[in-house]
Amino acid sequence: MLIKAKNKPSQALSTVINEIKKGSRDSRHPYRYVSLATFDPAAEEPNIRMLINREINKDGTVTLYTDARTHKVNELKSIGNAALLFWHDHHKVQVTLKAEVAIHNDDEVAEEYWKSDVHGAAQKAYTPLVAPGERIENPSDAHNWPKEFTSEYFCVLKCVPFEMEILQLAGKEHLRLKFKRDNPEEEWQGDWIAP
Ligand SMILES: Cc1cc2nc3c(=O)[nH]c(=O)nc-3n(C[C@H](O)[C@H](O)[C@H](O)COP(=O)(O)O)c2cc1C
C-alpha cells in the first residue's frame, strides 16, 4: 500500500506527488497517463481524454503537452479549470486534482520545452497539416506534415491544482484524503475524509 492510516496527510501527499513524478519519467509507470476533463460551455458538455504526464513539481503542478488547435485548448480558453485523474492499478491509488490551467503557446515557456524535450519524430505530434478534430475523407489525409517542423502549434498546459484528493483502496477499509489551498503560494491543508 502506498498510503497508510498512520501517515500524516502531508506525508501521504508527498508520497503521491513523488509517485506521479516517477510516472512522468517512466513510460511503463501507471501514472504515466492522466485523464484530463474539461467543459465545453457552448455545447454545455463535459469532455475527457487521456494525456501523457510530462512533469509534476513539488507543489503538484502537472505539465502536459498538446496541439494548440485541439478542442481541449479551446475549452480551456473559455473555462480555465480542469480535473485530472491518475490511477495506479498495482498500488490501488486514485489521485484527482482540480486545477487552474495556464496555456503556453508561442511563448518562452513553450519554446523552452520544445527545445529541451521535443525532438525528431516526437515533433510530428504537434505539426500535422490538418488540425486535430477536423473532418477528413480518408484517414491518410491526416498523415501529412510540412517539410520543416516548427513549434507554432506546440502547447504546454501547466495545471496548477487548488484541490487534490487521494483514495487508497484497501479491502473494506479504504483511506481517503482531501487537500485544499487558496493559492499556489500557500501550503496545502489536508484532512482525512470518509471514503
Ligand atoms: C495513451 C494516450 C496518450 C495520449 N497522450 C496525449 C498527449 O500527451 N497530448 C495530447 O494532446 N493528446 C494525447 N492523446 C490523445 C488525446 O487523448 C485526445 O484524443 C486528443 O488530444 C484530442 O483531444 P481533444 O479533441 O479533446 O482536445 C493521448 C491518447 C492516449 C490514448
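All values reported here derive from a predicted model rather than from experimental measurement.

Taken together, Tyr33, Arg49, Met50, Leu51, Ile52, Arg54, Tyr65, Thr66, Thr70, His71 and Lys72 make up the full set of residues adjacent to the ligand. The side chain of arginine 49 places a nitrogen or oxygen atom 2.8 Å from an oxygen atom of the ligand. One of the backbone N or O atoms of histidine 71 is found 3.4 Å from an oxygen atom in the ligand. In isolation the ligand has 630 Å² of accessible area, and contact with the protein removes 59% of it. Within the residue set of the shell around the ligand, elements represented by two or more residues are strand E2 (45-52), strand E4 (62-67) and helix H2 (71-78). When residues in the shell around the ligand are grouped by element, the largest group, 4 residues, is from E2. Here the residues of the shell around the ligand are counted per class, giving 5 nonpolar, 3 polar and 3 charged.

Let's shift gears to the side chain of asparagine 53. Within the secondary structure, asparagine 53 sits in the loop between E2 and strand E3 (55-56). At a separation of 2.9 Å, a polar atom in the side chain of asparagine 53 contacts the main-chain carbonyl oxygen of tyrosine 31. Polar side-chain contacts of asparagine 53 include one of 3.3 Å to the backbone nitrogen of glutamate 55. Not counting chain neighbours up to four residues away, the residues in contact with asparagine 53 comprise Ile20, Gly23, Ser24, Tyr31, Arg32, Val34, Val62, Thr63, Leu64 and Phe86.

With 17 residues, helix H1 (residues 9-25) extends 25 Å from end C-alpha to end C-alpha; this agrees with the ideal 24 Å at 1.5 Å per step. Taken residue by residue, H1 has Ala12, Leu13, Val16, Ile17, Glu19, Ile20, Gly23 and Ser24 as its buried positions. Across the axial projection of H1, the buried residues extend over an arc of 160°, all falling on one side. The elements touched by buried residues of H1 are E3, strand E5 (81-88), strand E6 (93-105), strand E7 (154-168) and strand E8 (175-180).

This part is about the nonpolar core. Among the nonpolar cores identified, the biggest contains 34 residues, and Leu64, Leu84, Val95 and Ile166 are the most heavily contacted of them. Elements with a minimum of two residues in this core: H1, strand E1 (33-40), E4, H2, E5, E6, E7 and E8. Dropping the residues within four chain positions of it, valine 95 is found in contact with Val16, Ile20, Tyr31, Leu84, Leu85, Phe86, Met164 and Glu165.

Mapped onto the present numbering, the UniProt feature "domain: Pyridoxamine 5'-phosphate oxidase Alr4036 family FMN-binding" (unreviewed entry) falls at residues 26-103. The distance from the first to the last C-alpha atom of residues 26-103 is 25 Å, and the span holds 10% helix and 55% strand.

Attention now moves to the pattern of salt bridges. What the rule picks out here adds up to 13 salt bridges. With its nearest N and O atoms 2.9 Å apart, the salt bridge here joins aspartate 59 to arginine 181. A residue pair is termed long-range when its members are at least 10 positions apart, and aspartate 59 in the loop between E3 and E4 and arginine 181 in the loop between E8 and strand E9 (189-193) qualify at 122 residues. Arginine 181 sits in the buried class, given a relative accessible area of 5%. A salt bridge links glutamate 165 to arginine 176, with the shortest nitrogen-to-oxygen separation between them at 2.8 Å. Residue glutamate 165 is located in strand E7, and its partner arginine 176 is located in strand E8; the two are separated by 11 residues in the primary sequence. When its relative accessible area of 15% is taken as the criterion, glutamate 165 is described as buried. Overall, the relative accessible area of 24% leaves arginine 176 in the partly exposed class. In the salt-bridge network here, residues are joined through shared partners; they are Lys98, Glu163, Glu165, Arg176, Lys178 and Lys180.

Each value, and the rule that gives it
Residues numbered from 1 in each chain as written. Predicted model: local features only at pLDDT ≥ 70, side-chain atom pairs only at ≥ 80, totals over all residues. Heavy atoms only, no water. Near = heavy atom within 4 Å. Polar contact = N/O pair within 3.5 Å; in protein donor to acceptor, adjacent residues only side chain to side chain. Areas by Shrake-Rupley, 256 points an atom, 1.4 Å probe, with all protein chains shown as cover. Helix = DSSP H or I, 4+ residues; strand = E, 2+ residues; numbered from the N terminus. Nonpolar A, V, L, I, M, F, W, Y, C, P; charged D, E, K, R; others polar. Contact = heavy atoms within 4.5 Å. Expected span 1.5 Å × (residues − 1). Buried < 20%, exposed > 50% of the residue type's maximum accessible area, 1.4 Å probe, protein only. Arc of directions from axis to C-beta. Core = buried A, V, L, I, M, F, W, Y, C linked by side-chain atoms within 4.5 Å. UniProt positions renumbered as here; feature names shortened; annotations may be inferred. Salt bridge = Lys/Arg side-chain N within 4 Å of Asp/Glu carboxyl O.

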